[in-house]
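Listed below, chain by chain, are the residues.
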Amino acid sequence: MARALRRLFHLVLFCPLSKGLQVRPPSIRVKYLLLAWLGVLVASWVLYVQYASYSELCRGHVCQAVICDHYSRGVISGSSCKALCEHKTLTLRHCLSTSSQHQVYAGHWKERPVVIKCGIEDGAKADGAPDSANRRRRGPFEKPTRGTSVDEFKEMLHGFLKDNLGEQPSLSALVDRIISLADINQDGKLSLAEAKSIWALLRVNEFLLMVALQEKEHTPKLLGFCGDLYVTEPLGHTSLYRLEVPPYLRALVPGALVSGLNRWLAPAWPRRARITIGLLEFVEEVFHGPYGSFLICDASPRHVGYNAKYDCKMADLRAVASEAAVRAHLKGRRCETNADCTYGRDCTATCDRLAKRCNADVVRPNLAKVCALLQDFLLHGAPAELRGDLERQLRTCVTLSGLASQMEVHHSLVLNNLKTLLWKKISNTQYS
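These numbers were taken from a predicted model, which means no experiment stands behind them.

Caption draft 1: The arrangement of the pairing of strand S4 (residues 222-226) in detail. Here S4 pairs with strand S5 (residues 229-232) via 4 bridges, running antiparallel. Bridging across to S5, Phe225 finds its partner in Tyr230. Between S4 and S5, which pair antiparallel in sequence order, lie 2 residues; one of them, Gly227, sits at a positive phi of approximately 60 degrees.

Now the structure itself:
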């Protein structure tokens, strides 16, 4: 097989060249021949990269095999385990993964569409997320150990939540919620497999936030789990923009072309206004909630989705982190410039250049990042009578800086003004 491929490669690339030297075709034919060769090479490279990236990113069969092996040995438990491993009614179908360590699939559960997410341990290839580092240091199902009582496990949970969310008066209620979620058969007891599963899941930042924010309208609903695999409701659109160029093609495709196509493919402006209102409401929901404040550390269009009714839903919560976790990561960190004091992609604090240590307070609030994301999405096609006010509101919003806790009134005023401006335009219409 390998010899046949080498001969085919030789025939395609070298035989035309040798014949060309003998026949010496006109220059115009040589030009077309060179263009054809170039096209073949580029197409081959694109196909190779796409195949390599797909095989790396889409390893759901590995994830399912590992999970079902642990389940069959009684190591883990979960509300979705029987459907995934025994009845085969929970199936992984279309791959949506963007990271080899975080497998995401569109799937079906009892013939209903769902989204299935699962982590794969890979010590050699880390994505740099704090929860990934924690999971590499010890296996996902090593705690709690046999002999741990329910009271001891509750203390473990309380300490973990305190470290990740900060000291909050409502942590005990959250511990009870987690215990109830882990108790699959609702018998009032917690088996070792149930405890191992929920402990592994809580170390996945997105799952922790889904549990803490499960009552919020713009957080995807958790439908089930098995070990550290979890199932959520599907979204019709998993990004603000419908067209996303793969990384290996971005150098070949002009940004202006992609932007123009996304504008053309975007929903009608009133629907974009509805999505925007939902995103602004999410910013409110994560600001001073019962479990503290949360920071959006990568305001990317890939993380913001919406459903068929154009209700905003966060498609990916991995870039959202508790303020307590961000402060703990940044405080006292050695630095030379402000860029060294960054958590995630854009939760940045200032660097004390005399002490060469990071301050713990993030400078740019969530609202400013979200407004920067919304400028192109919302201004294109905006009604003429609204555009001037909308531009001014967004410009004010983007320039917000300083600690949100120290400028709460101003922060809330800007957010409410923007929401009111949009809502007045679409209220009492089919889009509201």
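Caption draft 2: Representation of the sheet that holds strand S11 (residues 347-352) in the model. In spatial order, the strands read S10-S11-S12; together these 3 strands make up an open sheet with antiparallel pairing. At either margin of the open sheet sits one strand with a lone partner, and together these are strand S10 (342-343) and strand S12 (357-362). Sitting on the sheet, helix H13 (residues 323-330) touches S10, S11 and S12, and the angle it makes with S12 is about 170 degrees.

Caption draft 3: Looking closely at unusual backbone geometry. Backbone torsion omega between Lys143 and Pro144 reads -5 degrees, so that peptide bond is classified as cis. With respect to the element layout, Pro144 can be found in the loop between helix H6 (130-137) and helix H7 (150-165). For Glu111, which is not glycine, the phi dihedral falls at a positive 65 degrees. Counting through the fold element by element, Glu111 comes out in the loop between strand S2 (102-109) and strand S3 (112-119). Note on Glu111: relative accessible area 65%, which makes it exposed.

Caption draft 4: Highlighting the packing of aromatic side chains. Scanning the entire structure with this criterion turns up 6 aromatic pairs. Ring geometry for Phe207 and Phe225: centres 6.4 Å apart, planes at 75 degrees, overall edge-to-face. You can see Phe207 sitting in helix H10 (residues 205-212) and its partner Phe225 sitting in strand S4, a full 18 residues away along the chain. On the basis of an interplanar angle of 70 degrees and a centroid distance of 5.7 Å, the ring pair of Phe207 and Tyr230 is categorised as edge-to-face. Linking Phe207 in helix H10 with Tyr230 in strand S5, this pair joins segments that are 23 residues apart in sequence. Comparing Phe207 with Tyr230 shows no difference in burial state: the two are buried. An aromatic cluster is built from Phe153, Phe160 and Trp199, whose rings are joined through pairwise contacts.

Caption draft 5: Highlighting the packing of H7 against helix H9 (residues 192-202). At a minimum axis separation of 12 Å, H7 and H9 run at an interaxial angle of 5 degrees. Judged by the angle between their axes, H7 and H9 are roughly parallel. Residues Phe153, Met156, Leu157 and Phe160 of H7 lie in contact with H9, whose contacting residues are Ala195, Ile198, Trp199 and Leu202. Here the contact of H7 with H9 is built from residues that sort into 8 nonpolar, no polar and no charged.

Caption draft 6: Examining the pairing of S5 more closely. Along S5, one buried face is formed by Leu229 and Val231 and the opposite face, lined by Tyr230 and Thr232, is buried too. With 3 bridges joining them, S3 and S5 adopt antiparallel strand pairing. For Lys117, the partnering residue across the bridge sits in S5 and is Tyr230.

Caption draft 7: How the structure looks around the nonpolar core. Core analysis: the largest hydrophobic core is formed by 69 residues, its most contacted members being Leu161, Trp269, Leu367 and Leu390. Looking at this core, the element that brings in the most residues is helix H14 (residues 366-379), giving 9 residues. Ignoring sequence-local partners within four residues, the contact set of Leu390 consists of Trp269, Leu378, Leu379, Ala382, Leu418, Leu421 and Leu422. Val75, Ala83, Val114 and Leu229 belong to the second-largest nonpolar core, a separate cluster that totals 21 residues.

Caption draft 8: Structural detail: the environment of Ser100. Topologically, Ser100 is positioned in the loop between strand S1 (90-95) and S2. Overall, Ser100 belongs to the buried group, its relative accessible area being 8%. Sequence separation between Ser100 and Gly119 is 19 residues, and the spatial gap between their C-alpha atoms is 8.4 Å.

Caption draft 9: The pattern of salt bridges, seen in detail. On inspection of all chains with the given rule, the structure shows 16 salt bridges. Asp69 serves as the salt-bridge partner of Arg73, at 3.2 Å between the closest nitrogen and oxygen. By relative accessible area, which is 36% here, Asp69 ends up partly exposed. Put simply, Lys419 and Glu284 hold a salt bridge, and the shortest N to O gap is 3.0 Å. Of this pair, Lys419 sits in helix H16 (residues 408-426) while Glu284 sits in helix H12 (residues 269-285), and the two are 135 residues apart along the sequence. Under the relative-accessibility criterion, Lys419 is labelled buried at 16%.

Caption draft 10: Spatial organisation of H13. The set of residues buried in H13 consists of Ala325, Val326 and Leu330. Around the axis of H13, the buried residues are gathered within 125 degrees of arc, so they sit on the same side. As for H13, its buried residues are in contact with H7, strand S6 (294-296), strand S9 (320-322), S10, S11 and S12. At the exit of H13 stands Gly332, carrying a positive phi of roughly 75 degrees.

Definitions and limits used
- Residues numbered from 1 in each chain as written.
- Predicted model: local features only at pLDDT ≥ 70, side-chain atom pairs only at ≥ 80, totals over all residues.
- Heavy atoms only, no water.
- Pairing = 2+ DSSP bridges.
- Helix = DSSP H or I, 4+ residues; strand = E, 2+ residues; numbered from the N terminus.
- Contact = heavy atoms within 4.5 Å.
- Axes fitted to C-alpha atoms, helices over the stretch in contact; angles between N-to-C directions.
- Buried < 20%, exposed > 50% of the residue type's maximum accessible area, 1.4 Å probe, protein only.
- Phe/Tyr/Trp six-rings, centres within 6.5 Å; stacked < 30°, edge-to-face > 60°.
- Parallel < 35°, antiparallel > 145°, perpendicular 65-115°, else oblique.
- Nonpolar A, V, L, I, M, F, W, Y, C, P; charged D, E, K, R; others polar.
- Core = buried A, V, L, I, M, F, W, Y, C linked by side-chain atoms within 4.5 Å.
- Salt bridge = Lys/Arg side-chain N within 4 Å of Asp/Glu carboxyl O.
- Arc of directions from axis to C-beta.

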